[in-house]
Amino acid sequence: MKGYVNIRIGVLIFVVFFFSEAGLKAQAANVLRGRVTDSRNQPLAFCTVKVLQTEALFNTGSDGSFVIPVTKKMSEVNLELSYVGKQTLSKTIPAALFNQLHFFVLTDLSLRLDHVEVTGIRKGNVSNSSILFNREAIAQMQAFSLADVLNNLPGKTTVPPQLQNPQLITLRSEADGNHALTNSLGTAIIVDGIRQSNDANMQNRSLSIRGMSGSVINSRSDGSFDVPFSGPDLRDIPVNNIESIEVVSGVASAQYSELTSGAIIINRQAGKTNYQFNTRINEGSTEFSLSKGIGLGKKWGALNISLGYLNSNKDPRDKLKKFDRVNTALMWTYQIAKGLKNTLSVDYSTQLDDVLTDPDDDAELKTYSRRRNLSVSNRLLLSLPASFVRSATFSVSYSSGYQETYNQWLLNGPPKGLANKDTTGIYEGIFLPGAYLAEERIIGRPKTISANLSFSSLIKTGALLQNLSYGVNFSLSGNKGEGIVVNPERPRWISVNNQNERPFNYRLLKDLVNTGFYLQDNLVAKLKGRPLHIGLGLRYDIQNDFGNLQPRINARYQLSKQWELNMAYGISTKSPTMAHRYPAPTYLDIPLLNLYNGYADQSLFLVYTQKINTDNSNLKPARSTQFETGLRYNGSWGTASLFGYIKKDRNGFNSYSQFQPLRLPNYGYTVVPGQKISYYPTGDSSVFAAAGNYIITNGLSSDNYGAEFILQTNRVKPLMTRFTISAAFSWSKSDNSNDRRIIMADNSYIQQGGKAWYGVYYADVRENVSLISRIGSDTHIPALGFIISLSADIHWLRSAKTVPHGNEPIGYIDQYFQFHPIGKFDSANPEYGYLKLDPNVTIVDGRAVMSTEPVNLPFVYGNLNMRIAKEVNRQIRLTLNAYNVLNIRPEYYNTLTQTSVVYNSPLSLSAGLSIQF
């Protein structure tokens, strides 16, 4: 393996130098030289230097120097310099000064600086509408995980840390259910250039029995803790060593693959820093972290190490439910040779969701989900500022994990018959005693391998300046765990939807392989004397053996000194995961004779099993098409932006319930006292109706429309305060594009002799709407190192309803599986009138689930949050966060469900301490 990697690196360097010679002959170029130091005149190695016109990135060497290619026809260069623990510096260099050596000084981050950014800002780095959170903003939030930072996005709600259940992110969609899972799956989380894949997560039971949402193991008291079918759990990502977070909800660059909803781009700290100790507490949650950037000299670069531990108890009084997280990270950045930088990263983390056995609970309930993961990545960057290929990057990563989910319950009931063979046919099952400790367990060993090779070139053609980037990527996902582990003597569930769990070994599954190619051209031109920035991108991905062409474009035009017009259009795709691609086989278990006389060896459980091997090779990647337009204003009093979007999601992943009649022979039996019951075929047959299973389809689609507004003022000097207003409106219309939905009628109607056993409905159509705004202020007194932030979230509108025609059946299926069409629905008809669904009912994997919240938000409500930070001697920082500081908790009583809904979490306080030494 090591030799193979060396060969790849050698080929990379050869190709780059080949292009370099060709480029030098094809185009002459100049360079801009600079040197970056700190306030003590010490050079800053590995400082990031960004050219804003072309989005090109460069790094300083061990002596703090850098070289940037420029052309003779460039009028100026806009630079942005950033370094871990330092305040970002922006500088414009006119063409007349290109030949000079430029010096830049970066100052330490501190609340005593005159300007401190403590909220997310529109930056437009990767896309026109992206939002950037820098290090100071992240520190001010006192976040326990990435989820706490993302709650500050427009349209999200500020809430106390939620650490007891998985936290997922969805972008630019209000669609719920499996639509939300697909949206989360299509939100790529990219850390230091490596996508954090969840594609090998298979922590779910047989999908054919319960569908996607029901297949995850649940605890009775605290829900589920695993996240197959979606993106990663945000609780698993700490933020203590993160330097910046950029959220791309619009059209991303063609460089990024495997996304349909957007990207969250995370850059971690790299470079020499002081020791940084952080601790914070919120109710039953406590976190500690320690980080350090060690300078190893000019030859060996810098080594960044971080350690973190989090313990969260749902209720500190009994500690029955807890979440623990341990994370360690090591990043070694060093200069191999002039212009050749290497970064090696090693990360290890463990997480545990644990529901302990309550000593007062006779059922002996216990649930846990434990995970651990080791990832190693290496990124090699070659810079050649005076050649056609200005830079080349080769990165490779490997991740291996262990996942185990367990649930137990002491059952106490009558003996039950169990079908336990894994082949099709009629046979005698077994009887289980009614009292035993039931268990269910899933063991996964996911692995992910990825590699990326990319190049960039700077081309000047007349008045047109182009930064060209192009490359290829490869990813492999596999899972070699023991899979679904079933103890035949202690199954947790028996005959659910006429199915029973069987063992399913993940080691027999094939790996998923995806490859892609991209070309991105960021060009700058002049239109009527004003700059026009256009990003033209084209991707081609092969996902689950389907090829997908994805054009993407971002354009920005400077209308005037203050106003800027933005437009973007793009197509993106996301491949299915292993959980979608390889569900366990379906076993339909139909009891033919169930005769128990009190003695298992004399009783008879005759059963028919039909095994169905599922082939999901025809699953297409999920697909999203988005159009975005916006206006930006940058004036003397502040900045403002307004973006609107149309986003159409297609081919989303859904579990669809299909039913099929089974005609099976009838059997008679003979009882002889003291002997086993004998049986014989009667010669006739019957149709068994309760034979159905869930399959995965590309059945989901949604249309999403919305607008996002952000206004930020400059600091009002008499008040030492700046103000922020944001608002987000989102409307989604979603449906299951499978031709029909088949939903089983309530069993009470069937028991009363109702003719309709299953209702047949149009595709489920849902409309979800929300309007949320946030008003905030940041009062900063640099002389005191003090800042206080206030923010109020206002919920104006929220609606979730089913389009009326979707509630009435268009037909029904009787017990013999005969379909009966319904011309005009009559709710008074005793044969089928009970099949009309309530508007408050949500269909989840083919099951009707009653919503406890009203269809429409009954009133406007809000909350008020406060953050306070005080810095002492530039080394110690004390923080206090108060969520819902006025404890505003309006309540609504739902007369339909006779339940109460309380809005807003109760008052919650977080305190933090940060020390640099």
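Bear in mind that the values here come from a model prediction, so they are computed numbers and not experimental data. (Residues numbered from 1 in each chain as written. Predicted model: local features only at pLDDT ≥ 70, side-chain atom pairs only at ≥ 80, totals over all residues. Heavy atoms only, no water.)

Focus: the overall build of the protein chain
- Helix and strand content of the protein chain: eight helices and 54 strands.
- For 917 residues, the compact-globule estimate of 2.2 N^0.38 gives 29 Å, and the C-alpha radius of gyration of the protein chain, at 30 Å, lies within 12% of that figure.
- Along the three orthogonal principal directions, the C-alpha set of the protein chain runs to about 105 × 60 × 55 Å.
- A buried classification covers 55% of the 917 residues belonging to the protein chain.
- For the protein chain, restricting intrachain contacts to residue pairs at least 6 apart in sequence, the fraction spanning at least 24 positions comes to 69%.
- Approximately 39000 Å² of the protein chain is accessible, and the part contributed by carbon and sulfur atoms is 57%.
- A gap of 10 Å separates the mean positions of the 91 positive and 72 negative side-chain charges of the protein chain. (Helix = DSSP H or I, 4+ residues; strand = E, 2+ residues; numbered from the N terminus. Rg over C-alpha atoms; globule rule 2.2 N^0.38 Å. Buried < 20%, exposed > 50% of the residue type's maximum accessible area, 1.4 Å probe, protein only. Contact = heavy atoms within 4.5 Å. Areas by Shrake-Rupley, 256 points an atom, 1.4 Å probe, with all protein chains shown as cover. Lys, Arg positive; Asp, Glu negative; His and termini not counted. Charge placed at Lys NZ, Arg CZ, Asp CG, Glu CD.)

Quick notes on the confidence of the model for the protein chain
- Of all residues in the protein chain, 93% attain a pLDDT of 70 or more, and the chain-wide mean is 88.
- The model gives residues 1-29 a pLDDT under 50, and that stretch makes 32 contacts with residues more than four places away or in other chains. (pLDDT = per-residue confidence, 0-100.)

A few points about the packing of aromatic side chains
- The full count for this structure, using the stated rule, is 19 aromatic pairs.
- Seen in terms of ring centroids, Phe504 and Tyr506 are 5.7 Å apart; in terms of plane orientation they differ by 80 degrees. Their pairing is edge-to-face. Each member of the pair Phe504 and Tyr506 is classed as buried.
- Relative to Tyr834, the ring of Tyr749 has its centre 4.5 Å away and its plane inclined at 5 degrees; by these criteria the two rings are stacked. One end of the pair, Tyr749, is in helix 8 (residues 747-751); the other, Tyr834, is in the loop between strand 47 (819-821) and strand 48 (841-844), with 85 residues separating them in the sequence.
- The exposure class assigned to Tyr834 is buried, which follows from its relative accessible area of 17%. (Phe/Tyr/Trp six-rings, centres within 6.5 Å; stacked < 30°, edge-to-face > 60°.)

Let's talk about the sheet that holds strand 6 (residues 89-94)
- As summarised here, the arrangement of the four strands in space is 3-2-5-6, forming an open sheet in which the pairing is antiparallel. Only two strands of the sheet have a single neighbouring strand rather than two, namely strand 3 (56-59) and strand 6. Each neighbouring strand pair of the sheet contributes to a mean axis angle of 25 degrees, computed without reference to strand direction.
- The pairing of strand 2 (residues 48-51) with strand 5 (residues 76-82) spans four bridges and is antiparallel. Counterpart to Val51 in the pairing with strand 5 is Leu79. (Pairing = 2+ DSSP bridges. Axes fitted to C-alpha atoms, helices over the stretch in contact; angles between N-to-C directions.)

Observations concerning empty space enclosed by the protein
- Tallied over the entire structure, the rule returns 12 cavities of 30 Å³ or more.
- Considered as a void within the structure, the largest cavity measures approximately 1100 Å³ in volume.
- Every residue lining the largest cavity is counted, 47 residues in all, and those nearest its centre are Gln196, Ser349, Asn373, Ser375 and Ser399.
- For the lining of the largest cavity, the elements supplying multiple residues, two or more each, are strand 11 (194-195), strand 15 (262-268), strand 19 (321-337), strand 20 (340-355), strand 21 (366-383), strand 22 (389-412) and strand 27 (446-461).
- Per-element tally for the lining of the largest cavity: the top contributor is strand 21, with eight residues.
- There is about 460 Å³ of room inside the second largest cavity.
- Along the walls of the second largest cavity sit 28 residues, with Thr119, Asn152, Arg774, Ser791 and Arg867 positioned nearest its centre. (1 Å grid on protein atoms, 1.4 Å probe; cavity = no way out; pocket = protein on both sides within 12 Å on 5 of 7 lines; lining within 4 Å. Points joined across faces, edges and corners; volume = space filled by probe spheres on them.)

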